[in-house]
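Topology and contacts: notes
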Amino acid sequence: MTLSSVPGAGDVAARSTSACGVTSFGRHQLHHEPPDLHVVRLDGSLEIEEGLAMLAANAEYVARARYILLLVDLRTAWVAPVETRKLVATIDRRCSPWFLGCIGGSFSSRVMMNVGVRAANFFCPGGMTAAFFEEEAPARAWLYAQRRRMTETS
């Protein structure tokens, strides 16, 4: 599935805004912290068009990355409609490892994230690992440990 194959997805990408390195996709935010950490804040319903626009904004980085580090803030009320959850399983992506350090989140949002990770791993085995933390500092420490592990093995 590609951004151009979903009606309205290009409109969302065109409406995304960027300030101080933070790009907004509707109420959702994404920013990059060098050298390789992406911070995602989900807020409200993550529509398929917004998910595709986020992916498109980082497609070049993901295509060349040996691993992906995501700090995902789940502390706001967010949901992913069925169409968006199906998107996770159909994204064309490399099998480089993805590490998601998730902060907070309700029981249901953690379950939804785990289901997404399992679906992704069904199509790209071992490609995605998520860990859940109540605070940001331990999530970052876990992600930095993954970075060390990935860079020491090269």
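The rules behind these values
Residues numbered from 1 in each chain as written. Predicted model: local features only at pLDDT ≥ 70, side-chain atom pairs only at ≥ 80, totals over all residues. Heavy atoms only, no water. Core = buried A, V, L, I, M, F, W, Y, C linked by side-chain atoms within 4.5 Å. Buried < 20%, exposed > 50% of the residue type's maximum accessible area, 1.4 Å probe, protein only. Helix = DSSP H or I, 4+ residues; strand = E, 2+ residues; numbered from the N terminus. Contact = heavy atoms within 4.5 Å. Polar contact = N/O pair within 3.5 Å; in protein donor to acceptor, adjacent residues only side chain to side chain. Phe/Tyr/Trp six-rings, centres within 6.5 Å; stacked < 30°, edge-to-face > 60°. Pairing = 2+ DSSP bridges. Salt bridge = Lys/Arg side-chain N within 4 Å of Asp/Glu carboxyl O. Expected span 1.5 Å × (residues − 1). Arc of directions from axis to C-beta.

With that settled, consider the nonpolar core. Among soluble globular proteins, nonpolar side chains are generally buried collectively. By size, the foremost hydrophobic cluster in this structure holds 24 residues, and its most contacted members are V72 and L100. The set of elements that each furnish at least two residues to this core consists of helix 2 (48-57), helix 3 (59-64), strand 6 (68-73), strand 8 (98-103) and helix 5 (107-123). If sequence neighbours within four positions are ignored, L100 has contacts with L70, V72, M113, M128, T129, A130, A131, W142 and L143. Counting 12 residues, the second-largest nonpolar core is a separate cluster that includes V39, F99, I103 and M150.

Once that is clear, we can look at the side chain of Q146. Along the chain, Q146 turns up in helix 6 (residues 136-152). On the basis of relative accessibility, which here comes to 9%, the residue Q146 falls in the buried class. At 3.2 Å, the side chain of Q146 forms a polar contact with the side chain of R149.

Our next topic: the environment of S96. Relative to the elements of secondary structure, S96 occurs in the loop between helix 4 (82-90) and strand 8. For S96, a relative accessible area of 6% gives the class buried. Sequence separation of S96 and R64 is 32 residues, and the distance between their C-alpha atoms is 9.3 Å. Sequence-distant contacts of S96, that is, excluding residues within four places in its chain, are made with A65, R66, Y67, I68 and G127.

So, on to unusual backbone geometry. With omega at 10°, the peptide bond leading from P34 into P35 counts as cis. With respect to the helices and strands, the residue P35 is situated in the loop between strand 3 (28-33) and strand 4 (37-41).

Below, the discussion takes up the packing of aromatic side chains. According to the stated counting rule, one finds two aromatic pairs in the structure shown. For the pair F99 and W142, a centre-to-centre distance of 6.2 Å together with 75° between the ring planes defines the contact as edge-to-face. Note that F99 is positioned in strand 8 and W142 in helix 6, a separation of 43 residues in sequence. Taking 6.1 Å as the distance between ring centres and 45° as the angle between the ring planes, the aromatic pair formed by F133 and W142 counts as tilted. Chaining the aromatic ring pairs together yields one cluster made of F99, F133 and W142.

Pairing analysis gives four bridges linking strand 2 (residues 22-25) to strand 3, with the strands arranged antiparallel. Looking at the pairing, T23 lines up with L30 of strand 3.

So, on to the pattern of salt bridges. Considering all chains together, one arrives at seven salt bridges under this definition. D73 is the partner of R75 in a salt bridge, and the nearest nitrogen-oxygen pair spans 3.0 Å. Several salt bridges share partner residues, and in doing so they unite R27, R41 and D43 into one network.

The next thing to look at is helix 6. Because each turn of an α-helix spans 3.6 residues, side chains separated by three or four positions in sequence point in the same direction. Between its first and last C-alpha atoms helix 6 spans 24 Å; for 17 residues at 1.5 Å apiece the expected length is 24 Å, and the two agree. Of all the residues in helix 6, the buried ones are A139, R140, L143, Q146, R147 and M150. Seen along its axis, helix 6 keeps its buried residues to an arc of 115°; they face one direction. Seen from the open side of helix 6, the exposed residues pointing more than 90 degrees away from its buried face are A137 and E152. Buried residues along helix 6 sit against strand 3, strand 4, strand 6, strand 8 and strand 9 (128-133).

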